[in-house]
Amino acid sequence: MKKKIIVVGAGIIGASLAYHLAKAGAEVLVFEAGAAAGGVATPNSFAWINASWGNPPDYVKLRLRSMAEWRELKTVHPDLAVNWCGGLSWDLPEVELREFSVQHQSMGYGTKLVTQAEMQKLEPNLKIPPEVGVYVAEEGAIEPDAAARGFLAAAQALGATLHEKTDVLKLLRVGDKIVGIESSAGTFKADEVVVAAGAQTKKLLSDCGKHIDVDAPAGLLVHSKPVAKCLNGLVMAPRLHVRQTAAGRLVAGSDFGGAQPGADPAQTAADLFAALRAFLHEGEILEMDFFTLGYRPTPADGFPAIGRPQGLTGLYVAVLHSGITLAPIVGLFGAAEILHDQRDPLLTPYHPDRLIS
Ligand SMILES: Cc1cc2nc3c(=O)[nH]c(=O)nc-3n(C[C@H](O)[C@H](O)[C@H](O)COP(=O)(O)OP(=O)(O)OC[C@H]3O[C@@H](n4cnc5c(N)ncnc54)[C@H](O)[C@@H]3O)c2cc1C
């Protein structure tokens, strides 16, 4: 008999889990408080797919594996096709930039040191590229809300049902087992409940006695009105990360995680946009269209929390930052663990119990 699985949250993590669970033969019900693709982190993400600097070797391996999975997904749905446009970075002092390049190369990441002239060739519209940068051809970006909807459409084509505008009020617990959910549309039972509720994961778990140390810092991004192509790939400069979307908008943050909005988010956005205009040749033609504020679900130690919390059965948790990079692998590995009790060794460092009291 098919296992019945409830997924709470239809951001990119819930959507990927729903697709992979349905593909592996489960009966899947997705509950989303807002609309498909969510409204908290996923649609407000910079959506850089990478295994870049600042990540320890285990985490680089997980990210590289997920990047490989992204490549497999392009035939599943058109919105799951990543734009492998490459990334150019110089957001580190030169010595550290060189170290990053060497270290990551040894871990199988295609970093390449590039000169100013090479950078000018890669991105002719940059006003002042520095002497040295690192280029990674295998980095990419995706339109994150479309990708989440792509996963959901693929899950629905395999029989999953999506309940939008339906709040999950609490997890139903009988003894030490989670047996379903109570929602604004009534009670639903399942063999297992997957909480992929991003920043709200903390609340749902605390209602059943599990306190998970997850934060949700805000990140502000500015979006220009669409313009003709002026960037070929992602650019990560000190205090300004920028890419151009499929629709032609330039999206920028003070880094990929977005700027801290501060007391006056509109002023922060205006300052950031001024920096973007100064960054590019003919930047003065750019007009700001809007800015977004997203809340990044961020476990206390910065690494993903994926798995079954100890002491309760019928409950699986997936909460993480870098969810755009990692969505395919969280879906694939999560489905194998939920349905067949097979935990991939790459998930070993990321059990949620380390963050639960
Ligand atoms: C500004 C910014 C920049 C980022 N940049 C990058 C980047 O460059 N690369 C990268 O890999 N990652 C990046 N991230 C992180 C990435 O976007 C997130 O890790 C990812 O989107 C998290 O997805 P999620 O599905 O877990 O959460 P969400 O997208 O927040 O989805 C959770 C969903 O659960 C729903 N929900 C919550 N509670 C309930 C409930 N009780 N009942 C029903 N539904 C509920 C919410 O409505 C929401 O839609 C960035 C994030 C931000 C905000």
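Residues numbered from 1 in each chain as written. Predicted model: local features only at pLDDT ≥ 70, side-chain atom pairs only at ≥ 80, totals over all residues.

Some points on the sheet that holds strand E11 (residues 186-189)
Neighbouring strands of a sheet are bound in pairs by backbone hydrogen bonds; such pairs are parallel or else antiparallel.
So, step 1. The strand order across the open sheet formed by three strands is E9-E10-E11, and the pairing between neighbours is antiparallel. The outermost strands of the open sheet, each flanked by one partner alone, are strand E9 (168-174) and E11. On average, adjacent strands in this sheet sit at an angle of 30° to one another, irrespective of strand direction.
So, step 2. With four bridges connecting them, strand E10 (residues 177-183) and E11 associate as antiparallel partners. Bridge pairing in E11 links Ser183 to Gly186. (Pairing = 2+ DSSP bridges. Helix = DSSP H or I, 4+ residues; strand = E, 2+ residues; numbered from the N terminus. Axes fitted to C-alpha atoms, helices over the stretch in contact; angles between N-to-C directions.)

Comments concerning the site of the ligand
So, step 1. Taken together, 43 residues surround the ligand, and among them Gly11, Gly38, Gly198, Gly294 and Gly323 come closest.
So, step 2. The residue makeup of the shell around the ligand, split by class, is 21 nonpolar, 19 polar and three charged.
So, step 3. Residues lining the shell around the ligand come from more than one domain, with at least three contributed by each of domain 1 (4-46 + 145-215 + 299-355) and domain 2 (84-139 + 216-297). (Near = placed C-beta within 6 Å. Nonpolar A, V, L, I, M, F, W, Y, C, P; charged D, E, K, R; others polar. Domains from an automatic or database assignment.)

Brief notes about the domain arrangement of the protein chain
Interfaces are often sized by the amount of accessible area the parts lose when they come together.
So, step 1. Domain parsing of the protein chain yields domain 1 (4-46 + 145-215 + 299-355) and domain 2 (84-139 + 216-297).
So, step 2. Taken over C-alpha atoms, the centre of domain 1 sits 30 Å from the centre of domain 2.
So, step 3. Each side of the interface is counted separately: domain 1 has 13 residues, and domain 2 has 14 residues.
So, step 4. Residue composition of the side of domain 1 that touches domain 2, grouped by class: seven nonpolar, five polar and one charged. (Contact = placed C-beta atoms within 7 Å.)

Structural notes on the environment of Pro261
So, step 1. As for its placement among the helices and strands, Pro261 is situated in the loop between strand E17 (250-253) and helix H7 (265-279).
So, step 2. Between the C-alpha atom of Pro261 and that of Gln200, which follows or precedes it by 61 residues, the distance is 20 Å.

Concerning the pairing of strand E15 (residues 234-237)
So, step 1. Burial along E15 is two-sided: the face carrying Leu234 and Met236 and the face carrying Val235 and Ala237 are both buried.
So, step 2. Of the strand pairs in this sheet, strand E4 (residues 87-89) and E15 are connected by three bridges, and their pairing is parallel. If you follow Ser89 over to E15, its bridge partner there is Met236.
So, step 3. Following E15, the chain reverses through two residues before pairing antiparallel with strand E16 (residues 240-244); Arg239 in that reversal takes a positive phi of roughly 65°. (Buried ≥ 20, exposed ≤ 12 C-beta atoms within 10 Å, placed from the backbone.)

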